Each structure stands twice: as structure tokens, then as C-alpha cells.
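An overview of the molecular structure
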Amino acid sequence: MKQSLSLSGPIGVFDSGYGGLSILRCIKQRLPQYDYLYLGDNARAPYGPRSFDIVYRFTLQAVEYLFRQGCPLVILACNTASAKALRSIQQNDLPGIDASRRVLGVIRPTVEKIGELSASGIIGVLGTAGTVRSRSYDMEISKLYPEFTTVSQACPMFVPIVENEEFEGEGADYFVRKYVDALFGQNADIDTVLLACTHYPLLYDKIRKYVPERAKVITQGDIVAESLADYMERHPEMEQRCTRGGRTEYRTTESPESFTRLARIFLGEPVEVSHIDM
Ligand code: DGL
């Protein structure tokens, strides 16, 4: 479907809900000069337990929405959407919508960095059930580093714990220990644990507490932000289409009231958000 789309506009940042704000926070710190349009599909979150097809369909709708708002570049700041929808959108949908626009995800930049971080080459991935089932990290890591071993553990309780603001509570300890033990039970020689979900940075302290000291625990926000800065340098034609004004707009498919409270926790500052229908 051909649409008439404006050439320049804000950078679109999409997530199933709040989590992408933890990525946006780092992107804004690294690249404060650009305008951003954040979209959270809170009405249909979480994406983690949903099927491949549904996540793909919802993500495509979001990307088309952000393109209609003028975004020349959209970041899927969601591991589940990146795992299940990015490739199809890039390869099958983008050429028919507008081949000059770009959609980037969070998995590739994270994996590119992992080679510098791991000495043993044994990587542990904590993610949603959808991300782990897609095996996207395993495939991407073995493509870039064929000698590496990846073990993954789905942590289905982490997103609800964070969204119910229990991430500092004792209940969180129970589940963090359970999933971390399960991960290291698969391979005790893991030296790098990747938090492959936008919500998990809020559980960082607890995860750090149960991961053996000799292993690193890696969050994605700064990695994605650095990779975007590098992308902008390498793609001046796209960089010129991203408007500069340091403004950020927030939109959600849910009610603004429920978004505002949790958004503050993820972003570290209050936000004003408006409701949209996709
Ligand atoms: N944003 C999602 C991710 O990074 C987590 C929340 C969800 O399951 O929708 O995988």
C-alpha cells in the first residue's frame, strides 16, 4: 500500500508498552539533539507471551502509524517485537510502504557488542518467553561469533513484577533467584548475562545479587544508543531527515493516566502522554 509520507520528522521509538522508555532514556542522553515520538502499545501489552503472528501484526501497525506521523526512522525498542517482527517488516513490508525509511531493532546492536564483553564465549540470555522461543539471540550470536555458546532462560514473571512495582520487593528475589539458577543450571561457565528485555534493568540490582560475581550482567540501553549514534554517522542521508529540536512526544494506545505513573519509573522524569488509536 503506497502512502504519501513526509520526508523528515522525529525518530520513532516503539515498544509494546513502557519498557522501551528504558531504551529511549539512554538514546535521549546520547543523542539529545533529535526529536522523538514514543509509542507504547499498552492496550495490547505484554507482547512476551503472544504468538509470532500477532506480535508481527501489532508491530507492523505501529510502524505504519509512526511512518504516517512523519518518522523517517523507527527503532523497535522492544526485544519481543525485534525478535518476531523486525526481519519480516524490513524484508517484506518496507519496500511496499517506503523503501527510503528504516526500521531498526535492539537485538543486532546488542549482539555486536557481546563479542567485546565475553572472554569465555558462553553467553546467558534472560528474556521474555517470546524472545527466548524465537531463538533470535542464539541465531544472531552464532552468526557473528560461531565459536560462542548461548543459553537462554525465559523469565515470564519479570514483566508483571516490574509493572506491579514489586521490583524492589522480597517476592522479586524469589523469582530472580529461580530464573538465574535455571540459567546457570544449563551452563555454569556463563561469563556474560544479557538482560534481553526492556523491563529487566529495573531488576538489575537483584539479578546482580544472584548472578555469580565472576559473570558480567549487561543491560542494552547504552549499547542501543551508541549503535544509533554510529548509524547516524554512517547514514548522513537519514540523519538529515531526522528533525532536531530536542522534543519528545509520548503516545499510548491505553489511557494516559495509567501510562504516566509507570513511565516516570522507566524514564526517570514525568511525561505528558496522549491516547491514540492505531
Ligand atoms: N518490551 C518487551 C521486551 O523487551 C517486554 C514487555 C512485553 O512482553 O511486552 O521484550
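See above for the structure.
A brief structural summary. In this text, all values refer to a predicted model and were calculated from it rather than measured experimentally.

**Here's the deal with the pattern of salt bridges**
One pass over the structure, following the stated rule, counts 17 salt bridges. Between Asp138 and Arg135 there is a salt bridge; the shortest N-O distance is 3.6 Å. In this structure Asp138 comes out as buried when scored by relative accessible area, which is 12%. A residue is classified by how much of its surface remains accessible, and Arg135, at 48% relative accessible area, is partly exposed. Close ionic contact of Arg234 with Asp230 constitutes a salt bridge, the shortest N to O distance being 3.0 Å. Taken together, the residues Arg234 and Asp230, both in helix H11 (residues 221-234) and four residues apart, mark about one turn of the helix. The class for Arg234 is exposed, based on a relative accessible area of 51%. Of the residues examined, Asp230 reaches a relative accessible area of 37% and is grouped as partly exposed. Shared partners join several salt bridges into a network, and the residues in it are Arg87, Arg108, Glu112, Glu140 and Lys143.

**Details of the pairing of strand E9 (residues 248-252)**
Two strands pair when backbone bridges link them, and strand E2 (residues 36-40) and E9 are joined in this way by five bridges, in the parallel orientation. Residue pairing for E9: Leu39 is matched across the bridge by Arg251. Where E9 meets strand E10 (residues 273-275), three bridges bridge the pair, whose relative direction is parallel. Counted as the bridge partner of Arg251 is Ser274 from E10. Traced from E9 through helix H13 (residues 256-267) to E10, the parallel crossover comes out right-handed.

**Notes on the nonpolar core**
Counting 59 residues, the largest nonpolar core has Leu21 and Ile207 as the members making the most contacts within it. Residue contacts for Ile207: discarding those within four places in its chain leaves Leu126, Phe158, Val176, Val180, Leu195, Tyr200 and Val217. Of all hydrophobic cores here, the second largest spans 24 residues; its members include Tyr47, Val63, Cys78 and Ala81.

**As for the site of the ligand**
Not every one of the 13 residues close to the ligand is listed here, only the nearest: Ser16, Tyr47, Gly48, Thr80 and Thr198. In the environment of the ligand, an oxygen atom lies 2.6 Å from a nitrogen or oxygen atom belonging to the side chain of Thr80. Compared with its free state, where it exposes 300 Å², the ligand has 99% of that area covered by protein. Per-class residue counts for the shell around the ligand are five nonpolar, seven polar and one charged.

**Some remarks on the packing of aromatic side chains**
Under the definition given, this model contains eleven aromatic pairs. For the ring pair Tyr18 and Phe266, a centre distance of 6.1 Å and an interplane angle of 5 degrees mean the geometry is stacked. A residue pair is termed long-range when its members are at least 10 positions apart, and Tyr18 in the loop between strand E1 (11-15) and helix H1 (20-30) and Phe266 in helix H13 qualify at 248 residues. Comparing Tyr18 with Phe266, the two get one shared label, buried. Taking the centre distance of 6.2 Å and the plane angle of 50 degrees together, the rings of Tyr38 and Tyr250 count as tilted. With a gap of 212 residues between them, Tyr38 in strand E2 and Tyr250 in strand E9 connect regions that are remote in the sequence. The buried category is assigned to Tyr250, whose relative accessible area is 6%.

Rules of the game
Residues numbered from 1 in each chain as written. Predicted model: local features only at pLDDT ≥ 70, side-chain atom pairs only at ≥ 80, totals over all residues. Heavy atoms only, no water. Salt bridge = Lys/Arg side-chain N within 4 Å of Asp/Glu carboxyl O. Buried < 20%, exposed > 50% of the residue type's maximum accessible area, 1.4 Å probe, protein only. Helix = DSSP H or I, 4+ residues; strand = E, 2+ residues; numbered from the N terminus. Pairing = 2+ DSSP bridges. Right-handed = clockwise from strand over helix to strand, strands pointing away. Core = buried A, V, L, I, M, F, W, Y, C linked by side-chain atoms within 4.5 Å. Contact = heavy atoms within 4.5 Å. Near = heavy atom within 4 Å. Polar contact = N/O pair within 3.5 Å; in protein donor to acceptor, adjacent residues only side chain to side chain. Areas by Shrake-Rupley, 256 points an atom, 1.4 Å probe, with all protein chains shown as cover. Nonpolar A, V, L, I, M, F, W, Y, C, P; charged D, E, K, R; others polar. Phe/Tyr/Trp six-rings, centres within 6.5 Å; stacked < 30°, edge-to-face > 60°.

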